[in-house]
Amino acid sequence: MNSLAPRYFALIPAAGVGARMAASGPKQYLKIGGKPMMRHAIDAFLFSELIAHTYVVVSADDPVIDSVVPSHGVTVLRCGGATRMESVRNGLAALAPTLRENDWVLVHDAARPGLDEALIEKLITGTGEHAVGGLLALPVVDTVKRSLGGELGTVSREGLWLAQTPQMFRYRLLRDALAAVRDPSQVTDDASAVEALGLAPKLVEGHPRNLKVTLPQDVRIAEMYLATTQPELL
Ligand SMILES: Nc1ccn([C@@H]2O[C@H](COP(=O)(O)OP(=O)(O)OP(=O)(O)O)[C@@H](O)[C@H]2O)c(=O)n1
Ligand SMILES: C[C@](O)(CO)[C@H](O)COP(=O)(O)O
């Protein structure tokens, strides 16, 4: 690979327990579309010609991952943390000997099996080389209500987007942004840490198929998208 050409790496945080799924084990290993949920995201990165290598962050004692990852193109990092942010931060630290400061890292939830090569390319081309970074997101199309402390109100949906993943940033910037975070529990996506530096990543329109499988009812929706061949639904 030309040493001056940009390099793109995938980092998949997969050290969660899936509490909201309330399954018998971590949701990233639930069978969806005939294979473990996280294998869909791994395969999307493997099939993408743009991604140089994929790293998966799991808990140190994860007993399943070795039976899920393919024999090439993927490296397991057994450094998962107590929060998603800490898992990402630990994974990035483990890559210090390997990645260059200006390499791009695409951080993608293992719980989003609907990612495909087209969305990966759309994010990379939509973000471009000169942006701070970028993330897939969906504009809000429903009326938004906020119910808090017994009060109910309507929130203007103007300019509101729902963040998806991958979220892509240069390796050094993302490491610095996450290092500056004081309360990991308050940073639920990678872009938040970068925004806290006063920077504005690009929003690139994603797709509903790229939903985060969080609740039991999400499994059927994900399976529907994975099963469809209708172009308008892809
Ligand atoms: N300590 C954690 C928590 C989450 N994740 C990962 O971050 C992604 C998005 O998190 P989420 O959907 O919240 O997964 P869980 O934390 O497993 O779900 P829950 O909050 O319901 O327990 C998932 O791929 C999950 O495996 C992680 O790597 N390390
Ligand atoms: C990163 C993310 O998927 C963007 O929407 C989301 O913030 C993850 O939240 P979770 O509570 O860790 O699932």
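Residues numbered from 1 in each chain as written. Chains lettered and ligands numbered in written order. Predicted model: local features only at pLDDT ≥ 70, side-chain atom pairs only at ≥ 80, totals over all residues. Heavy atoms only, no water.

1. Considerations on the UniProt feature "site: Positions MEP for the nucleophilic attack" (unreviewed entry) in the protein
- Within the UniProt annotation, "site: Positions MEP for the nucleophilic attack" (unreviewed entry) is assigned to R157 and K212.
- Considering the arrangement of structural elements, one finds R157 in the loop between β9 (151-155) and β10 (161-170).
- A residue is classified by how much of its surface remains accessible, and R157, at 38% relative accessible area, is partly exposed.
- With residues near it in sequence (within four places) discarded, R157 still touches V140, V141, D142, T143 and V144.
- For R157, the side chain forms a polar contact with the main-chain oxygen of V141, separated by 2.8 Å.
- Relative to the elements of secondary structure, K212 occurs in the loop between β11 (202-205) and α6 (218-227).
- A residue is classified by how much of its surface remains accessible, and K212, at 28% relative accessible area, is partly exposed.
- When neighbours within four sequence positions are excluded, K212 is seen to be in contact with R20, D109, A111, R112 and D218.
- Only 2.8 Å separates the side chain of K212 from the side chain of T214, close enough to count as a polar contact. (UniProt positions renumbered as here; feature names shortened; annotations may be inferred. Helix = DSSP H or I, 4+ residues; strand = E, 2+ residues; numbered from the N terminus. Buried < 20%, exposed > 50% of the residue type's maximum accessible area, 1.4 Å probe, protein only. Contact = heavy atoms within 4.5 Å. Polar contact = N/O pair within 3.5 Å; in protein donor to acceptor, adjacent residues only side chain to side chain.)

2. So, the UniProt feature "site: Transition state stabilizer" (unreviewed entry) in the protein
- UniProt annotation of "site: Transition state stabilizer" (unreviewed entry) refers to R20 and K27 when read in the numbering used here.
- Within the secondary structure, R20 is located in the loop between β1 (8-13) and β2 (31-32).
- When near neighbours in sequence (up to four residues on either side) are disregarded, R20 contacts K212, T214, L215 and P216.
- Relative to the helices and strands, K27 resides in the loop between β1 and β2.
- Setting aside residues no more than four positions away along its own chain, K27 makes contact with V17, G18, M21, M37, A111, V213 and T214.

3. Comments concerning the site of ligand 2
- By nearness alone, every residue bordering ligand 2 is listed as R20, R84, D109, R112, A163, T165, T188, D189 and K212.
- Interatomic distance of 2.6 Å between a side-chain N/O atom of D109 and an oxygen atom of ligand 2.
- A163 places a main-chain nitrogen or oxygen 2.7 Å from an oxygen atom of ligand 2.
- If ligand 2 stood free it would expose 360 Å²; the protein chains cover 76% of that surface. (Near = heavy atom within 4 Å. Areas by Shrake-Rupley, 256 points an atom, 1.4 Å probe, with all protein chains shown as cover.)

4. Here's the deal with the sheet that holds strand β5 (residues 74-77)
- Spatial strand order, β5-β4-β1-β6-β10-β7-β11: seven strands in an open sheet with mixed pairing. The two strands at the open ends of the sheet, each matched to only one other strand, are β5 and β11. Averaged over all pairs of adjacent strands, the angle between their axes in this sheet comes to 25 degrees, without regard to strand direction.
- With six bridges connecting them, β1 and strand β4 (residues 51-57) associate as parallel partners. Within β4, the residue paired with I12 across the bridge is V56.
- Relative to β11, helix α3 (residues 117-127) is tilted by about 145 degrees, and along the sheet it contacts β1, β4, β6 (104-107), β7 (133-139), β10 and β11.
- The strands touched by helix α4 (residues 171-179) are β6 and β10; relative to β10, the strand with the most contacts, the crossing angle is about 120 degrees. (Pairing = 2+ DSSP bridges. Axes fitted to C-alpha atoms, helices over the stretch in contact; angles between N-to-C directions.)

5. Focus: the side chain of T214
- Along the polypeptide, T214 turns up in the loop between β11 and α6.
- Not counting residues within four places of it along the chain, the set of residues in contact with T214 comprises R20, M21 and K27.

6. What to know about the pattern of salt bridges
- Per the stated rule, a full pass over the model turns up twelve salt bridges.
- With its nearest N and O atoms 3.9 Å apart, the salt bridge here joins D116 to R209. On the criterion of sequence distance, the pair formed by D116 in the loop between β6 and α3 and R209 in the loop between β11 and α6 is long-range, its members being 93 residues apart. Accessibility assignment for this pair places D116 and R209 in one class, buried.
- Sharing partners across several salt bridges, the network here consists of R84, D109, R112 and D190. (Salt bridge = Lys/Arg side-chain N within 4 Å of Asp/Glu carboxyl O.)

7. As for α6
- Residues D218, V219, A222 and Y225 constitute the buried set of α6. In an axial view of α6, the angular spread of the buried residues amounts to 130 degrees, which keeps them on one side of the axis. In α6, those exposed residues whose orientation departs by more than 90 degrees from the buried face are R220 and A227.
- Buried positions along α6 lie against β2. (Arc of directions from axis to C-beta.)

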